[in-house]
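Listed below are the residues making up each chain.
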Amino acid sequence: MSHTADDRARLGLRESATFDRSTIAAIHRAAETGIYDIRGWGAKRRLPHFDDLLFLGASMSRYPLEGYRERCDTDVVLGDGCAKFPLHLDIPTTIAGMSFGALSGPAKEALGRGASEVGTSTTTGDGGMTPEERTQSKSLVYQYLPSRYGMNPDDLRKADAIEVVLGQGAKPGGGGMLLGQKISPRVAAMRTLPEGIDQRSACRHPDWTGPDDLTIKINELREITDWEKPIYVKVGATRVYYDVKLAVHAGADVIVVDGMQGGTAATQDVFIEHVGIPTLAAVPQAVQALQELGVHRKVQLIVSGGIRTGADVAKALALGADAVAIGTAALIALGDNHPRYAADYEKLGSAAGFFDDFQDGTDPAGISTQDPELASRFDPVEGGRRLANYLRVLTMEAQTIARACGKSHVCHLEPEDLVAVTIEAAAMARVPLAGTEWIPGQ
Ligand SMILES: Cc1cc2nc3c(=O)[nH]c(=O)nc-3n(C[C@H](O)[C@H](O)[C@H](O)COP(=O)(O)O)c2cc1C
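- An unreviewed UniProt entry lists the protein chain under the name FMN-binding glutamate synthase family protein, from Mycolicibacterium tusciae.
- In its Sequence similarities (unreviewed entry) section, UniProt records this for the protein chain: "Belongs to the glutamate synthase family."

## Section: the side chain of D52
- Along the chain, D52 falls in the loop between strand 1 (38-39) and strand 2 (53-55).
- A relative accessible area of 5% means that D52 is categorised as buried.
- Discounting residues that sit within four places of it in the chain, D52 has contacts with R46, L47, V419, A420, V421, T422 and A425.

## Quick look at the side chain of T123
- With respect to the helices and strands, T123 occurs in strand 6 (residues 121-123).
- From its side chain, T123 meets the backbone oxygen of I95 in a polar contact 2.7 Å long.
- Aside from chain neighbours lying at most four places away, what touches T123 is I95, A96, G97, M98, K108, E133, L140, V141, Q143 and E163.

## Points about a nonpolar patch on the surface
- Residues F19, I24 and I27 make up a contiguous nonpolar surface patch of roughly 280 Å² in combined accessible area.
- Relative to the helices and strands, I24 resides in helix 2 (residues 21-33).

## Observations regarding the site of the ligand
- Taken together, 25 residues are adjacent to the ligand, and G97, D258, G306, G327 and T328 come closest.
- Here an oxygen atom of the ligand sits 2.9 Å away from a polar atom, N or O, in the main chain of D126.
- Taking G263, its main chain carries an N or O atom lying 3.0 Å from an oxygen atom of the ligand.
- When the free accessible area of the ligand is taken as 600 Å², the share hidden by the protein chains comes to 97%.

## Let's talk about empty space enclosed by the protein
- Counted under the stated rule, the structure contains two cavities of 30 Å³ or more.
- In this structure, the largest cavity spans a volume of roughly 90 Å³.
- When contributions to the lining of the largest cavity are tallied by element, the ones reaching two or more residues are strand 5 (93-95), strand 6, strand 11 (231-236) and strand 14 (300-304).
- Among the residues making up the lining of the largest cavity, the classes are represented as seven nonpolar, five polar and two charged.
- Looking at the second largest cavity, its volume works out to about 40 Å³.

The rules behind the values
Residues numbered from 1 in each chain as written. Predicted model: local features only at pLDDT ≥ 70, side-chain atom pairs only at ≥ 80, totals over all residues. Heavy atoms only, no water. UniProt positions renumbered as here; feature names shortened; annotations may be inferred. Helix = DSSP H or I, 4+ residues; strand = E, 2+ residues; numbered from the N terminus. Buried < 20%, exposed > 50% of the residue type's maximum accessible area, 1.4 Å probe, protein only. Contact = heavy atoms within 4.5 Å. Polar contact = N/O pair within 3.5 Å; in protein donor to acceptor, adjacent residues only side chain to side chain. Patch = residues over 30% accessible without salt bridge, like charges linked within 9 Å, V, L, I, M, F, W, Y side chains within 5 Å. Areas by Shrake-Rupley, 256 points an atom, 1.4 Å probe, with all protein chains shown as cover. Salt bridge = Lys/Arg side-chain N within 4 Å of Asp/Glu carboxyl O. Near = heavy atom within 4 Å. 1 Å grid on protein atoms, 1.4 Å probe; cavity = no way out; pocket = protein on both sides within 12 Å on 5 of 7 lines; lining within 4 Å. Points joined across faces, edges and corners; volume = space filled by probe spheres on them. Nonpolar A, V, L, I, M, F, W, Y, C, P; charged D, E, K, R; others polar.

Spelled out as C-alpha cells, the structure:
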C-alpha cells in the first residue's frame with residue numbers, strides 16, 4: 001500500500017531533495033539493467049522559458065489595434081538572400097525536421113497535409129524524403145545531416161529549401177539513434193542499413209573539420225540545386241553567439257537555433273537533461289550575432305525548442321526571431337499522448353501525457369512507430385486536419401497579442417514589448433524584470 005502525502009507527514013517521512021524518488025528509481029533501473037536510459041521528448045527539468053516573460057499590452061503610451069477590424073499580418077519570407085526561390089509562408093510557425101524512421105509514413109504525410117493547409121513548411125529528417133511527404137507538402141525543407149542516411153541529389157533538387165544540420169537542441173554534439181525495432185524493411189532500404197539492428201547516426205559531418213568546410217559545402221549544395229533553394233543551417237543551442245556568426249560567414253540564408261527543451265526521437269536521458277542551453281537564453285545571443293554582422297532580418301532566424309502556444313510564438317518573434325519551428329507540439333496535435341489511448345499507455349507502463357518512449361516503436365497512437373498495425377491506427381487526413389487547426393490557433397493567439405501591443409504584423413513585436421517575472425529570465429532574455437528598468441548584467 002502506498003502512503004498519501006498526509007500519511008507521510010504523519011509518519012515523519014521526509015523525501016530527500018538530492019535523492020528524490022525518481023533519482024532512486026533511476027539508480028535501481030541502472031543497477032538492474034546496466035544500460036543507460038534512452039527516451040524521446042525534450043528536457044523535462046524546469047528551465048527558464050517563455051512562460052517567464054510577459055507582454056506589456058498597449059494602454060496610454062501605446063495604441064492597440066482593433067481585433068476584428070484592423071489587420072495583423074503573419075506572413076514571412078525565408079531565405080531571400082541569394083536563393084532564386086525563397087520560401088513565402090503564410091504563418092511564422094514551421095514544422096521541424098523529424099525523420100521517417102522515428103515517425104511512421106502516415107505521420108509524416110499528416111505533417112505535410114497540416115502544414116500545407118495553413119501555408120507553412122515542413123521538414124524531412126534523418127533518413128531521407130518519402131514520396132508521400134513530398135506530395136503532401138507544399139513547401140518541404142530537406143535536411144542534409146551528418147549521417148547522410150537516405151541522402152541523394154535528386155531529392156535535394158526536389159526540395160524547396162535545404163537545411164544543413166550541425167546539431168539538435170536535445171543533443172548538441174551527439175548523433176541520432178534509431179533502435180532496431182524501428183528499422184523496418186522500408187526504413188532499412190532508405191538508409192542502406194540492415195533490418196532490425198540498432199543504428200547510431202554520426203555526430204559530425206564526414207567531409208568537414210571546421211567552419212571553412214561548411215562554406216565549401218554550402219557552395220556545393222547551391223551548385224547542385226542551381227542556386228534556387230535557400231540554405232538553412234541548424235545548430236543545437238550551446239555557443240550560439242559564435243555559431244551564428246560562423247554560419248553567416250559560411251553563407252547560410254537562414255539559421256535555425258534549437259534550444260535544449262527541443263524534442264528528440266531517441267537520445268540518452270543524461271544527454272537531454274544536461275547538455276545545451278535553454279531556448280530563452282539562445283535567442284538573444286543569436287540576434288546579437290546577426291545584429292553585429294548587420295544581417296538581422298536579412299539572414300532569417302528560426303527558433304525551436306519548447307514552443308507550445310501562440311504566446312511562445314509571439315515571445316520568440318518579439319525577441320528577434322523571424323519564425324519558429326515545432327516538433328513535439330506538432331506530434332501532440334496529431335494525437336500523440338491523447339487520453340483516448342490511456343489503457344494502451346498503461347499496458348506499456350506509462351500514461352497519457354507521460355509517454356516518451358518514442359525509441360521503442362510501440363506508440364499506441366501510431367505516430368512514432370514502424371509497426372504496420374500500430375501505424376494503421378493513425379489517419380493522416382484526420383491528423384493533418386488536427387495539425388492545421390492547432391497551427392491556426394497558434395497564429396490567432398500570436399495575432400491577438402500583437403494587436404494588443406499595437407502591431408500590424410506579428411514580426412513587429414520587439415523586446416521593448418516584454419518584461420520578465422524572474423531574474424534568471426530577465427538576464428537570459430535581456431528584458432527588464434517586471435516593474436523595474438533592470439536588465440541583469442547590463
Ligand atoms: C520524433 C522526433 C524526431 C526528430 N528527428 C529529427 C531529425 O531527424 N533531424 C533533426 O534535425 N531534428 C530532429 N528532431 C528535432 C526537431 O527537429 C526539433 O529540433 C525539435 O523537436 C524542436 O523542439 P520541440 O520538440 O520542443 O518543438 C526530432 C524531434 C522529434 C520529436
